[in-house]
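# Per-entry structural report
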Amino acid sequence: MKLMDESIKEVKGEGKSTEQAVEQASVEDSCSNVQNKERARTTANRQDSIAMGEFNGDGYVTVGEIPSPRANHMKKVSLLPLVFLIFYEVSGGPFGIEDTVNAAGPLLALLGFLVFPLIWSIPEALITAEMGTMFPENSGYVVWVSSALGPYWGFQQGWMKWLSGVIDNALYPVLFLDYLKSGIPALGGGLPRVIATWGLTILLTYMNYRGLTIVGFFAVFLGVFSLIPFVVMGFLAIPDLKPKRWSVINLNDVDWSLYLNTLFWNLNYWDSISTLAGEVDNPKKTLPKALFYALILVVLAYFFPLLIGTGVVPLKRELWTDGYLSDIAMIVGGVWLRWWLQGAAAMSNMGMFVAEMSSDSFMLLGMAERGMLPEFFMKRSRHGTPLIGILFSAFGVILLSWLSFQEIVAAENFLYCFGMILEFIAFILMRIKHPNLSRPYKIPGGTAGAIVMCTPPTILICIVLVLSSLKVMIISLIAVAIGLVMQPCLKYVEKKRWMKFSHSSELPPFENEESTHSLVD
């Protein structure tokens, strides 16, 4: 009624009739009532959402089956496709494992793919299961680190993981050509290889632009297609297997840097699936199961082809470089098996390239939605793909195509190690700061158990960093330094309004967003 009286006075002051004043005031009063009802309805809906398991300002209280608000229109990923999606994020098949034999011989290579998962893959997969179900967002590990350490370190996580992913993507055209060079020698080097590398990168980038991603049961098809030739090769190789070849070892002639970097590259990136947490059907149960089954699949997909290859041919370590498994297929089964394996390698590398670029480019889009990057990174193509993110990722791949396979792996691992350190810190801090926060999947052992579990992989990270070459170390540290400076520069640009930044209204704020700024001041 106060609103009505004030409106009548205002209208009378302008010379209008009392009837007009009453009518206008009634309309305004009705609008006010509607707004009040809408606010009450919104509050009730927010409370209902919190009760159902969405973000409540203090974190995700439960997860259950609540979908991502940006993904309601998309079909959720079920268990079997998710297993093969993880398989492609981590492995894609035994293409690229040959350097372990070159570096350390058969016995250490075989033991590496059995022991290394215990030290590295299992802890990373467990952390991904816990944090991924706590924060069912497609921003993945960027949200984990931002919630524990603040947006500054979340940006560093995104920068290092994106750069690591781009470097990883530069490997797949190289591997693709290395598996073809035995059949087409011209692709082994020189101008034909450069042209083929660039052409392949452009072709796969265009496929990504058109939205061709490794999703659903297509991932299952690709995974089966990539592994079948090794099953056939195993059966054909049984008569010629000599178990004594598996026990060859010479500890005085081991290239530990190449050995560890190759193992590390083949068995990491378990956290990449967290960028799809919002697309998973019932992530509380599905994500941990998928990680478990994918871990078994990845280890078997590496171990048995390596067992066959080292047991069927006499050992010549210098021949064991990327692409040598296709030569072994030629020895075991003939030309038809070599071409089949090369076709599987091509499909696998194409799938991994498209999946990795999709993950990297969507992460840039997600960071832009969080206000970490300029708004133009949110621009999508007419096919719905992140246009600017794809162009940035493709440029990085072409820029790195001049590096060798071993240098690419080492540089990627160096940056990936820094990102994983931030993830370990975020994981432990969330246990300390928010021990009672709902965790749909929780690793047993409490905070002390979390610290113990993270200790062996952290030691491994330190060893990988120490064994890096001076060239790789300098390039990687420069890349890290760029990220440390880039975030304050972007904040300055945002403050001066030289570029437009925005924050999606559908995304909740980071945990303790304001207070965590003190960590970097």
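Cut-off values and rules
Residues numbered from 1 in each chain as written. Predicted model: local features only at pLDDT ≥ 70, side-chain atom pairs only at ≥ 80, totals over all residues. Heavy atoms only, no water. Helix = DSSP H or I, 4+ residues; strand = E, 2+ residues; numbered from the N terminus. Buried < 20%, exposed > 50% of the residue type's maximum accessible area, 1.4 Å probe, protein only. Contact = heavy atoms within 4.5 Å. Areas by Shrake-Rupley, 256 points an atom, 1.4 Å probe, with all protein chains shown as cover. Salt bridge = Lys/Arg side-chain N within 4 Å of Asp/Glu carboxyl O. Phe/Tyr/Trp six-rings, centres within 6.5 Å; stacked < 30°, edge-to-face > 60°. Lys NZ or Arg CZ within 6 Å of the ring centre and 35° of its normal. pLDDT = per-residue confidence, 0-100. Polar contact = N/O pair within 3.5 Å; in protein donor to acceptor, adjacent residues only side chain to side chain. Patch = residues over 30% accessible without salt bridge, like charges linked within 9 Å, V, L, I, M, F, W, Y side chains within 5 Å. Expected span 1.5 Å × (residues − 1). Axes fitted to C-alpha atoms, helices over the stretch in contact; angles between N-to-C directions. Parallel < 35°, antiparallel > 145°, perpendicular 65-115°, else oblique. Left-handed = near helix turned anticlockwise from the far one by under 90°. Nonpolar A, V, L, I, M, F, W, Y, C, P; charged D, E, K, R; others polar. Lys, Arg positive; Asp, Glu negative; His and termini not counted. Core = buried A, V, L, I, M, F, W, Y, C linked by side-chain atoms within 4.5 Å.

## Considering the overall build of the chain
Counting secondary structure elements, the chain contains 17 helices and zero strands. Looking at the chain as a whole, 54% of its 521 residues qualify as buried. Taking all contacts inside the chain whose residues are at least 6 apart in sequence as the whole, residues at least 24 apart take part in 83%. For the chain, the exposed area adds up to about 22700 Å²; of that, 66% sits on carbon and sulfur atoms.

## Topic: unusual backbone geometry
Excluding glycine, a negative phi dihedral is what most residues carry, and trans is how most peptide bonds are arranged. In this structure, Tyr269 takes a positive phi of about 75 degrees despite not being glycine. By the secondary structure assignment, Tyr269 is in the loop between helix H10 (256-266) and helix H11 (283-312). The exposure class assigned to Tyr269 is buried, which follows from its relative accessible area of 4%. We note that Arg497 has phi near 60 degrees; this positive angle belongs to a residue other than glycine. You can see Arg497 is positioned in the segment after helix H17 (470-496).

## Observations regarding the pattern of salt bridges
Scanning the entire structure with this criterion turns up seven salt bridges. Of the charged contacts in the structure, one is a salt bridge between Lys500 and Glu375, with a shortest N-O distance of 3.7 Å. Taken together, the positions of Lys500 in the segment after H17 and Glu375 in the loop between helix H13 (335-369) and helix H14 (387-399) put the pair 125 residues apart, joining distant regions of the chain. The salt bridge involving Lys491 is made with Glu494; its shortest N-O contact spans 3.6 Å. Of the two residues, Lys491 and Glu494 both sit in helix H17, three residues apart, roughly one turn of that helix. Since its relative accessible area comes to 40%, Lys491 is described here as partly exposed. In this structure Glu494 comes out as partly exposed when scored by relative accessible area, which is 30%. One connected set of salt bridges, linked through shared partners, spans Glu130, Arg431 and Arg439.

## Quick look at the packing of aromatic side chains
Tallied over the entire structure, the rule returns 22 aromatic pairs. Look at Tyr152 and Trp153: their rings are 5.1 Å apart centre to centre, the planes differ by 90 degrees, and that puts the pair in the edge-to-face class. When its relative accessible area of 26% is taken as the criterion, Trp153 is described as partly exposed. One aromatic cluster is present, formed by Phe116, Trp120, Phe264, Tyr269, Tyr416 and Phe424 through successive ring pairs. Directly above the aromatic system of Tyr141 lies the positively charged group of Lys161, at a separation of 4.2 Å from the ring centroid.

## Quick look at the confidence of the model for the chain
Taken residue by residue, the chain gives an average pLDDT of 77. The fraction at 70 or more is 78%. Segment residues 1-28: pLDDT under 50, and 16 contacts once partners within four positions in sequence are set aside and those in other chains are kept. Scored below 50 in pLDDT, residues 37-74 shows 58 contacts in the model against residues more than four places distant or in partner chains.

## Regarding the environment of Ser147
Within the element layout of this structure, Ser147 appears in helix H6 (residues 141-149). Sequence separation of Ser147 and Met430 is 283 residues, and the distance between their C-alpha atoms is 8.2 Å. Separated by 2.9 Å, the side chain of Ser147 and the backbone oxygen of Val143 make a polar contact.

## Considerations on a nonpolar patch on the surface
A grouping of Leu79, Phe292, Tyr293, Ile296, Leu300 and Phe304 is seen on the molecular surface, where their side chains present a nonpolar patch of about 550 Å² in accessible area. Looking at which element gives the most residues to the nonpolar patch, the answer is H11, with five residues. Relative to the helices and strands, Ile296 resides in helix H11. Looking at Ile296, the relative accessible area reads 40%, which means it is partly exposed.

## A look at helix H3 (residues 79-90)
Taking 1.5 Å per residue, 12 residues should reach 16 Å; H3 reaches 17 Å between its end C-alpha atoms and fits that length. Among the 12 residues of H3, 10 are classified as buried, and the element is accordingly described as predominantly covered. Along H3, the residues that are buried comprise Pro81, Leu82, Val83, Phe84, Leu85, Ile86, Phe87, Tyr88, Glu89 and Val90. Of the residues trailing H3, Gly92 is marked for its positive phi of about 85 degrees.

## A few points about the packing of helix H5 (residues 106-134) against helix H16 (residues 446-466)
Relative placement of two packed helices is described by the angle separating their axes and the distance separating the axes. The geometry of H5 relative to H16 is characterised by a closest axis approach of 9 Å and an angle of 120 degrees between their N-to-C directions. In terms of orientation, H5 and H16 fall into the oblique class. Crossing handedness for the pair H5 and H16: left-handed. Taking contact as the criterion, the partners of Phe116, Ile119, Trp120, Pro123, Leu126 and Ile127 in H5 are, on H16, Met453, Cys454, Pro456, Pro457, Leu460 and Ile461. Looking at the contact of H5 with H16, its residues break down into 12 nonpolar, no polar and no charged.

## Some details on the side chain of Glu356
With respect to the helices and strands, the residue Glu356 is situated in helix H13. No salt bridge is formed by the buried Glu356. Its closest oppositely charged neighbour is Lys161, at 9.3 Å.

## A short note on the nonpolar core
In globular proteins that are soluble, nonpolar side chains generally tend to be buried together. Core analysis: the largest hydrophobic core is formed by 141 residues, its most contacted members being Leu82, Ile86, Trp120, Met233, Trp270, Ile328 and Phe427. What Ile328 contacts, discounting residues up to four positions off in sequence, is Met233, Gly309, Val312, Val313 and Trp320.

## What about the packing of H3 against H11?
Interaxial distance between H3 and H11 falls to 8 Å at its minimum, and their mutual angle equals 50 degrees. When the interaxial angle is binned, H3 and H11 end up oblique. Where H3 crosses over H11, the two elements pack in a sense that is right-handed. Here Leu79, Leu82, Val83, Phe84, Ile86, Phe87 and Val90 of H3 come into contact with H11, specifically with Thr286, Leu287, Lys289, Ala290, Leu291, Tyr293, Ala294, Leu297, Val298, Ala301 and Tyr302. Looking at the contact of H3 with H11 residue by residue, the classes come out as 16 nonpolar, one polar and one charged.

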